[in-house]
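# Coordinate analysis (summary)
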Amino acid sequence: MTLAPVTTRFAPAPTGRLHLGHLANAIYVWGLARRLGGRVLLRIEDHDRQRCRPEHESALLDDLDRLGIAADEPSTDDLRRGPSMFRQSDNHEAYEVGIERLSIAAQIYACDCSRSTFAAWREQHGQAWSGPGCPGSCMARELEPRPDLGLRVALGDGDERWDDLLVGTQSGPVAPDGDVLVRDRNGIWTYALCVVVDDLRHDVDLVVRGEDLLDSTAAQIRLGALLGRPAPARFAHHPLVRREDGSKLSKADGATAVGELLDRGQSVDELIGEAAHRVGLTPSPDPLPFVRAIDLAAAAGEIRG
Ligand SMILES: [Zn+2]
């Protein structure tokens, strides 16, 4: 069987140091790219200008170099040199254009619901808001858009279905907890909008990421269609790196920061082996070269052409 070449991406957010969770993601990204004869883009997902810091990006690029993990495009030096189409904060216009395009295909509305609006709804109704809209009925209220109001896209009702390369056939509601928020109340474009716009403009057709994002996939498939994607990207959701006690690893988990572990004398292969083991690719956390780890990841799923 001949498989069509794919483009995928490794897309860390510079909110802290590169950690073992990123390494596990890299193993799957490069693994599936290799299996499908594809290429890997490096994207800096710093849409959240309140949480992302240039010094974190700089450390992240250094960590990738130390690990010897290189994307096909761009190089870490390309990103160090200045503005790039692969850094979200350099491409605000792309998201403005995305919103304009979305507004032709769907209704976009200002929303003044806060966390406490959602909490009050839950309190009053005994369950969280689910389905299209928002608890404040903001679409019907036709609020004047303002920088301190959120923006939502009416995605409609129903589900999207996809054949996940790693976890099989999936489907989910496009509005699991309200219409998708594309700009938050701080005027920041959301992850949901930015990744869909970026995957389209970067010709990404394979999205490899952690299982914690399964619930947002249906909305992203619908957003992509509304933005004019001729076909949805393919998705592959892999297990998350967990702490030894099984709890979820947080981005702020300094104990697993790659740079610090290397500084303490651990080898690259030891870190790769640890990350591969923590997502169940190996029975024990023995040192493992990256090329061997990505072979294991490539073989892990039911890969369809
Ligand atoms: Zn609202």
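Residues numbered from 1 in each chain as written. Predicted model: local features only at pLDDT ≥ 70, side-chain atom pairs only at ≥ 80, totals over all residues. Heavy atoms only, no water.

### Regarding the coordination of the zinc ion
Metal coordination angles have textbook ideals: 109.5 degrees for a tetrahedral set of four donors and 90 or 180 degrees for an octahedral set of six. So the rule is basically this: Nitrogen, oxygen and sulfur within 2.8 Å of a metal are treated as its donors, or within 3.2 Å for sodium, potassium and calcium (Na, K, Ca); water is not counted, so a site can appear incomplete. Only two sets of limits are used to name each site, 85 to 135 degrees for every angle of a tetrahedral four-donor site, and over 155 degrees for opposite donors with all other angles from 65 to 115 for a square planar four-donor or octahedral six-donor site, with any other site named irregular. Numbering of helices and strands starts at the N terminus; helices are DSSP runs of H or I of at least 4 residues and strands are runs of E of at least 2. Each residue gets one of three labels from its accessible area relative to the maximum for its type: buried under 20%, exposed over 50%, partly exposed in between, using a 1.4 Å probe on protein chains only.
For the zinc ion, every protein donor is listed as Cys-111 (SG), Cys-113 (SG), Cys-134 (SG) and Cys-138 (SG), and the spread of their distances is 2.2 to 2.3 Å. Coordination at the zinc ion is tetrahedral, judged from the four donor atoms that bind it and the angles of 102 to 115° they form at the metal. The sequence pattern describing where the donors of the zinc ion fall on their chain is C-x1-C-x20-C-x3-C. Taken together, the residues Cys-113 in the loop between β3 (108–111) and α5 (115–125) and Cys-138 in helix α6 (residues 138–141) connect sequence positions 25 residues apart. There is no split in this pair, since Cys-113 and Cys-138 are both buried.

### Comments concerning helix α8 (residues 217–226)
With respect to burial, α8 is a largely interior element, eight of its 10 residues being buried. By the burial criterion, the buried members of α8 are Thr-217, Ala-218, Ala-219, Gln-220, Ile-221, Arg-222, Leu-223 and Gly-224. One or two residues past the end of α8 sits Gly-228, with phi positive at roughly 100°.

### Things to note about the pairing of strand β8 (residues 206–210)
The side chains of a regular strand alternate, residue by residue, between the two faces of the sheet. Just so we agree on the cut-off: When DSSP finds at least two bridges between two strands, those strands are taken to pair. Seen with the strands pointing away from the viewer, any crossover whose path from the first strand over the helix to the second strand runs clockwise is right-handed.
The buried fraction of β8 amounts to five of the five residues, a majority that puts the element mostly inside the structure. Bridge analysis of β8 against strand β9 (residues 234–238) gives five bridges, and the strand direction is parallel. Residue pairing across strands places Gly-210 opposite His-238, the latter belonging to β9. Taking the sense of rotation as the criterion, the β-α-β connection linking β8, α8 and β9 turns out right-handed.

### Remarks on helix α4 (residues 92–105)
For clarity, the cut-off: Residue count minus one, scaled by 1.5 Å, sets the expected span of a helix. The arc in question is formed by the directions pointing from the helix axis toward the C-beta atoms.
With 14 residues, α4 ought to run about 20 Å at 1.5 Å a step, and its terminal C-alpha atoms sit 21 Å apart, in line with that. Those residues of α4 not exposed but buried are Tyr-95, Gly-98, Ile-99 and Leu-102. Seen end-on, α4 carries its buried residues on one side only, within an arc spanning 100°. Exposed residues on α4 whose side chains face more than 90 degrees from its buried face are Glu-93, Glu-100 and Ile-104.

### Examining the environment of His-277
Stated formally: Any two residues whose heavy atoms approach within 4.5 Å at even a single point are treated as in contact.
Tracing the backbone through its elements, the reader meets His-277 in helix α10 (residues 268–278). Spatially, the C-alpha atom of His-277 lies 28 Å from that of Val-204, the residues being 73 residues apart in sequence. When residues no more than four places from it in sequence are discounted, the contact partners of His-277 are Thr-282, Pro-283, Ser-284 and Pro-285.

### Observations concerning the side chain of Thr-8
If you trace the backbone, Thr-8 turns up in strand β1 (residues 7–10). The residues contacting Thr-8, other than those within four sequence positions of it, are Val-29, Ala-33, Arg-39, Val-40, Leu-41, Val-204, Leu-206, Val-207 and Val-208.

### Let's talk about the nonpolar core
We apply this condition: To form a nonpolar core, buried Ala, Val, Leu, Ile, Met, Phe, Trp, Tyr and Cys residues must be joined to one another through side-chain atoms within 4.5 Å.
Ranked by internal contacts, the top residues of the largest apolar core, which has 53 residues, are Phe-10, Leu-23, Ile-27, Trp-30, Ile-69 and Phe-290. Contributing elements (two or more residues each) for this core: α1 (20–35), β2 (39–42), α2 (54–67), β8, β9, α9 (258–263), α10 and α11 (290–298). The residues contacting Phe-290, other than those within four sequence positions of it, are Ala-26, Ile-27, Trp-30, Ile-69 and Ile-272. Ranked by size, the runner-up nonpolar core spans 22 residues in total, among them Ala-106, Leu-151, Val-180 and Cys-194.

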